[in-house]
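Survey of secondary and tertiary structure
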Amino acid sequence: MRLEKIKQALSSLAVTDEIEVVKTIPAPPAAEGEEQAKPTEVKEKVPQLMLFTPDYAKKGFHLDVKVASADVVQAAQLLIDQEFFLEAITGVDWIKEGQIEVVYDFNHWQTLCRVVIRTRTDRSQPEVPTISAIYSGANWHERETHDFFGVNFTGHPDLSPLLLPEDADYHPLLKDFTA
Amino acid sequence: METEKLQSPLVHLAPLDQVLAIGRANSLWPMTFGLACCAIEMMAAGASRFDLARFGAEVFRPSPRQCDVMIVAGTISKKMMPAVKTLYDQMPEPKWVIAMGNCAISGGPFSFPGQYAIVEGADKFLPVDIYIPGCPPRPEALIEGILELEEKVTGSRRWPRVACG
Amino acid sequence: MTNELIRLIAFLVGIIAFAAGNAAYLVWVERKVAGHIQRRIGPKEVGPYGLLQPLADGVKLMSKQLLVPDGVDPILFKVAPLMVLVPAVMSFVTIPFGEHLAARNVDLGLLMIFAFASVNVLGLLIGSWGSANKYAVMAAARVISQNIAYEIPMLLTAIALVMATNTMNLNEMVSLQAGGFWQWNLIKLTFTASPLTPIAFLIFFTTMLAETNRAPFDMAEAESELVAGSFTEYSGMGFGVFFMGEYANIVIGAALTTCLFLGGWQSPLPFLPNGVVWFLIKMYAIIFTVVWIRWTFPRTQFYALLNLSWKVLIPISLVNLIVTAGWLKVF
Amino acid sequence: MSLDVIDKSLETFVLNLGPQHPATHGVLRVKLTMDGEYIVHAEPVLGYIHRMHEKMGENRTWAQFMPNTGRLDYLAALSYNHGYALAAERAEGIEVPERAEYIRCITVELNRIASHLLWFGAFVLDLGGFTPLLYAFDDREQILDLLESVTGARLTFCYFRFGGVYNDIDDNFITGSREFIKRLRSRMPMYHDLVSKNIILIKRLKDIGPISQEMCRRYGATGPVLRGSGVNFDVRKHEPYSVYPEFDFDIPVYTEGDSMARYMVRMDEMEQSMRIIEQGLAKLPEGPVMAAKAPKILKPAKGDYYAAVEAARGSFGIRLVSDGTNTPYRLKLRSPTFSNLSLFSEACRGMILPDALALMGTLDLVIPEIDR
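None of these values were measured; they are calculated from a predicted model.

Okay, the sheet that holds strand β2 (residues 96–100) of chain B next. Residues and elements named next belong to chain B. The strand order across the open sheet built from three strands is β1-β2-β3, with neighbouring strands paired in parallel fashion. The outermost strands of the open sheet, each flanked by one partner alone, are β1 (69–73) and β3 (130–132). Adjacent strand axes in the sheet meet at a mean angle of 20° when their direction is disregarded. Across the sheet, helix α5 (residues 139–154) is in contact with β1, β2 and β3; its angle to β3 comes to roughly 165°.

Next comes the structure, spelled out in structure tokens:
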């Protein structure tokens, strides 16, 4: 029931991406690999609403929504109205597509419903608006993601390094980082 | 020219040194300075079963001014290294360092190509006297380390050395 | 005149030896008792039953490098440990160990001890302020307010006692308690002076604990909050002298409690001979309870400590004073 | 949280609850801006024991990362093994035999009791009581003997494998744990008399460091910190995994939200864990402890997977992103104390130092797990 409510609420924010069905040669660079790509030879771009409900037993979460990086704050506001709490913010460096993906995990106290909000930003200039105004816990998560990936969370009160030494300017978890 | 015959010295300082060494060896006050998992084993060594108090070493002094042994128990990260160095400098002179656990000896499980955060081994910036291998070393190993340190200070070993292996 | 001088010098040497010996071996008692309370053995390897442990600690502390960190006020830093030890040793002078074993039979013996008791707090303040360490300064602020708060109930209970026995001379006070243990002030006064005397005894014991910064009131060396409190910057013998001062103060407190309430060197039963043995037995019993309390109770919160004194101990000791005065007035 | 504007009329000084401090139990530095004894602003500074487990995860095979999970939170290491094993099994779809699931639950609960015992000792040590630590250590040694006989390690376990456990438990482990439970049950009243009913301690914990539910939601606090503020959220019940649904145990929840509530939650949790162990030992089925067809080299399908487990300090989550090869592409460890500590600077504003340390003690911090 809560899953439906939140799914309905977030559907307005979901981004429609062209889904590249083919696994082999993604001709247009903008296309993005589908999770369970069907190895057909044909490659065509299918506009797909990036809002899935994978089966929990296999993936571990109930709702997976891809959102444009500008709408992250709005999504967070929607989620806190429905009393979700922020579990973690993860950065993933897709170096092949030249993108950094920021993944927000939300969960709920009463009913088991883990919502994952994804957003992608360009790898050379990663910009994502901060949600620390809504979820104060996100302050540290965002500082840590900034430490490791260099994602610049606009509007964040204090983006100084959290886990790395104060004068650290390197971002260790990027794939092209050498010690 | 022939060796000149020395009179036997009036004041024998060696015995005094020996007394001081025995005094220091039998009351090594470690500093409460646990970094990671080895700190728990250090606390277990101070607890009831593997009692460090038997050797007079159970007074864990929090302030570096009053302790003699710095037991580096855990991984030293690059951010922590200056703090460890200042702690070592603040300790008054007859002081010793025990590197407890693989992380303090050589970075242990966390040293691999491409690591950026830890100092591989306490002996990179501290004069280490005793190395206690293990991840984490058992409390008995820490007590053996303390006995080893006592032997290093006084030159004579308190308990017979157990022939291991 | 000379044998008086010799007697005094002999007593002085005896007192200093007693204070130093006590300081050393109370450390051993504390570590052994703490060990057995905590199901472990305590020092055992150094000499038989670890008896040489205090010697080893002493030798090590003396041979440590005496560190006077820069940015520290050198005069205050050096004077402070002595200001804690010397008053404690000085106040041994008037304590009547035995019938004739009192160094100076001073008429205002009790007043002198209380005067010295307030000086050692000054020593802690100077030590903490001198060592220019934030933790020490915080500890100094705490120690001052704690000692002020706990000196008043101590004095009030002592005044009530002095009113009942109308003598300040400890020797006389102890001789007044001759006869069996029912003659001791603790019991005699409950019937003759004020029924609140057992409570006064407890108040006196608690304030003595607080005066010497022990057990639940150890604000000076709040180990887990203020690193090492006032002693943070002291190394080697500086810290050793502070330690000796603290233990000397405990011995003074215990000795005072025995003289005032438990009839110093009086034997509990009339036919047993009096003697210094009884004094020592009672004193070490109280010291054992002090050590026992330290290893069982957690530390009180700072403001609860002050409230305890201002709102609880002082009113009760005032009531005790008034009741004693009224009682003496009537009878 | 940045240093919000403090009016300069307040004479404040900055005190470093430095990396080496007896009350931080590790290398956490808290920059306290103090006005006398009162804390105006507290800012925890982390990273002093940052050992980059996540970077190591990215150039090790799936199985090689298991020892790292034992060194994250070394007081309740088995829950972290369990979390990682669960995530990988969920990604690969490995079936874990019944007996292995029971052994997993029993050893995790034993480890939880050991972690709560050490927390209890260290917490009362922060408040100035030295003796309870030694009693708690004494009991903890019994558990460590039991776990060492099965797993081989005392602290940093690496006992679980994908598809089961490494070593089967034998009879003297079973009799040993039953005896231990009988002994601990007889000692719990002593702990309560010595500490919970001690007037000094009650005065130090009652209404100290209140944490509201709303603050817990904004910071994402989980575990005993959350259950101390009245929210019945425990991953074992909320998101049942392994064989926890078969055990009947209840979740202690206290509504006051102060340090005393969080303290009592952990003390009651020890009792619940003992109940689980007893039921687990009673219903222990026969059979293999390792899945028959567990793959030697794990190669989960592309995509990302999330698994959450109830560790001693809260909900420990692992997000695995795999690109089909035998090394993880990205491995995120969601550490419960990271979120629990993030609410410290807001919770301890205006408190005096000893109370702030009591509050930090009830948050039950293990610093290497925060810094990862």
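There's more to say after this.
Before going further, it helps to examine the interface of chain C and chain B. Contact residues are listed per partner, giving 32 residues for chain C and 33 residues for chain B. Summed over both sides, the interface of chain C with chain B buries roughly 2500 Å², with 56% coming from carbon and sulfur. Across the pair Glu 233 of chain C and Arg 65 of chain B runs a salt bridge whose closest N-O atoms are separated by 2.7 Å. If you look at where chain C meets chain B, you find 17 residue pairs in polar contact (both at pLDDT 80 or more). The leading source of residues in the side of chain C that touches chain B is helix α2 (residues 53–62) of chain C, at six residues. Classifying every residue of the side of chain C that touches chain B by side-chain character gives 13 nonpolar, eight polar and 11 charged.

Looking now at the pattern of salt bridges. Evaluation of the coordinates by the stated rule reveals 62 salt bridges over all chains. Arg 372 of chain D is paired through a salt bridge with Glu 144 of chain A; the nearest N and O atoms lie 2.6 Å apart. Placement of Arg 372 of chain D in the segment after α15 (367–371) and of Glu 144 of chain A in helix α4 (residues 138–149) is noted, with the two residues assigned to different chains. Each member of the pair Arg 372 of chain D and Glu 144 of chain A is classed as buried. Of the charged contacts, one joins Glu 286 of chain D and Arg 99 of chain D as a salt bridge, the two residues approaching to 3.7 Å between their closest N and O atoms.

Turning our attention to the environment of Thr 131 of chain D. Here Thr 131 of chain D is to be found in helix α5 (residues 131–151). The class for Thr 131 of chain D is buried, based on a relative accessible area of 3%. Between the C-alpha atoms of Thr 131 of chain D and Gly 121 of chain D, which are 10 residues apart in sequence, the distance is 8.2 Å. Apart from the residues lying within four places of it in its own chain, the contact partners of Thr 131 of chain D are Ile 37, Gln 38, Trp 295 and Thr 296 of chain C.

What follows covers the nonpolar core. Ranked by size, the top nonpolar core spans 227 residues in total, and within it Tyr 104 and Tyr 135 of chain A carry the most contacts. Among the elements that make up this core, the one with the highest residue count is helix α4 (residues 98–126) of chain D (15 residues). Those residues within four positions of Tyr 104 of chain A in sequence are excluded, and the remaining contacts are Val 72, Leu 86, Ala 88, Ile 89, Val 115, Val 116, Ile 117, Thr 119, Val 128, Pro 129, Ile 131 and Phe 153 of chain A. Ranked by size, the runner-up nonpolar core spans 63 residues in total, among them Ala 103, Ile 250, Ile 252 and Leu 305 of chain C.

Attention shifts here to the side chain of Arg 40 of chain C. Its location among the elements puts Arg 40 of chain C in the loop between α1 (2–37) and α2. There is a polar contact of 2.8 Å between the side chain of Arg 40 of chain C and the side chain of Gln 38 of chain C. If we skip the residues at most four places from it in the chain, Arg 40 of chain C touches Gly 46, Ala 47, Ser 48, Asp 51, Ala 53 and Glu 58 of chain B, Gly 35 of chain C together with Leu 134 of chain D.

Mapped onto the fold, Trp 159 of chain B is located in the segment after α5. Residues Trp 159 of chain B and Phe 55 of chain B, spaced 104 residues apart in sequence, show a C-alpha to C-alpha distance of 12 Å. Look past the residues within four positions of Trp 159 of chain B in its chain and what remains in contact with it is Arg 54, Phe 55 and Leu 147 of chain B together with Glu 45 of chain C.

For the rest of this paragraph, the subject is the side chain of Asn 120 of chain C. In this structure, Asn 120 of chain C sits in helix α4 (residues 109–130). Ignoring anything within four residues of it in the chain, the contact list for Asn 120 of chain C reads Met 83, Val 84, Pro 87 and Asn 249 of chain C.

This part covers the sheet that holds strand β6 (residues 303–311) of chain D. Residue and element names in this part refer to chain D. The strand order across the open sheet formed by three strands is β6-β7-β8, and the pairing between neighbours is antiparallel. Strand pairing shows two members of the sheet lacking a second neighbour, β6 and β8 (330–334), which therefore form its edges. On average, adjacent strands in this sheet sit at an angle of 10° to one another, irrespective of strand direction.

We now examine unusual backbone geometry. Backbone phi values are negative for most residues with the exception of glycine, while trans is the configuration of most peptide bonds. Each neighbour pair has its own omega, and for Cys 135 of chain B with Pro 136 of chain B the value is -10°, a cis peptide bond. Structurally, the position occupied by Pro 136 of chain B is in the loop between β3 and α5. Residues other than glycine seldom take positive phi values, yet Met 52 of chain D does so here, at roughly 45°. The buried category is assigned to Met 52 of chain D, whose relative accessible area is 2%.

Moving on, we get to helix α14 (residues 353–362) of chain D. All names here are of chain D. Buried residues dominate α14, accounting for 10 of its 10 residues. All buried positions along α14 are accounted for by Leu 353, Pro 354, Asp 355, Ala 356, Leu 357, Ala 358, Leu 359, Met 360, Gly 361 and Thr 362. Positioned one or two residues after α14, Asp 364 has a phi angle of 55°, which is positive.

With that settled, consider the packing of α1 of chain C against α2 of chain C. All names here are of chain C. Contact geometry for α1 and α2: axes closest at 8 Å, N-to-C directions at 120°. Classified by the angle their axes make, α1 and α2 are oblique. For the element pair α1 and α2, the recorded crossing hand is right-handed. Contacts from Ala 24, Tyr 25, Val 27, Trp 28 and Arg 31 of α1 reach α2 at Gln 53, Pro 54, Leu 55 and Asp 57.

Moving on, we get to the interface of chain D and chain A. Each side of the interface is counted separately: chain D has 46 residues, and chain A has 54 residues. Between chain D and chain A, the buried area comes to about 4300 Å², and carbon and sulfur atoms account for 54% of it. In terms of surface lost to chain A, no three residues of chain D exceed Arg 217, His 238 and Tyr 329 of chain D, which account for 17% of the buried area on that side. The tally of links between chain D and chain A comes to six salt bridges.

The rules behind these values
Residues numbered from 1 in each chain as written. Chains lettered and ligands numbered in written order. Predicted model: local features only at pLDDT ≥ 70, side-chain atom pairs only at ≥ 80, totals over all residues. Heavy atoms only, no water. Pairing = 2+ DSSP bridges. Helix = DSSP H or I, 4+ residues; strand = E, 2+ residues; numbered from the N terminus. Axes fitted to C-alpha atoms, helices over the stretch in contact; angles between N-to-C directions. Contact = heavy atoms within 4.5 Å. Buried area = accessible area lost by both parts, 1.4 Å probe. Salt bridge = Lys/Arg side-chain N within 4 Å of Asp/Glu carboxyl O. Polar contact = N/O pair within 3.5 Å; in protein donor to acceptor, adjacent residues only side chain to side chain. Nonpolar A, V, L, I, M, F, W, Y, C, P; charged D, E, K, R; others polar. Buried < 20%, exposed > 50% of the residue type's maximum accessible area, 1.4 Å probe, protein only. Core = buried A, V, L, I, M, F, W, Y, C linked by side-chain atoms within 4.5 Å. Parallel < 35°, antiparallel > 145°, perpendicular 65-115°, else oblique. Left-handed = near helix turned anticlockwise from the far one by under 90°.

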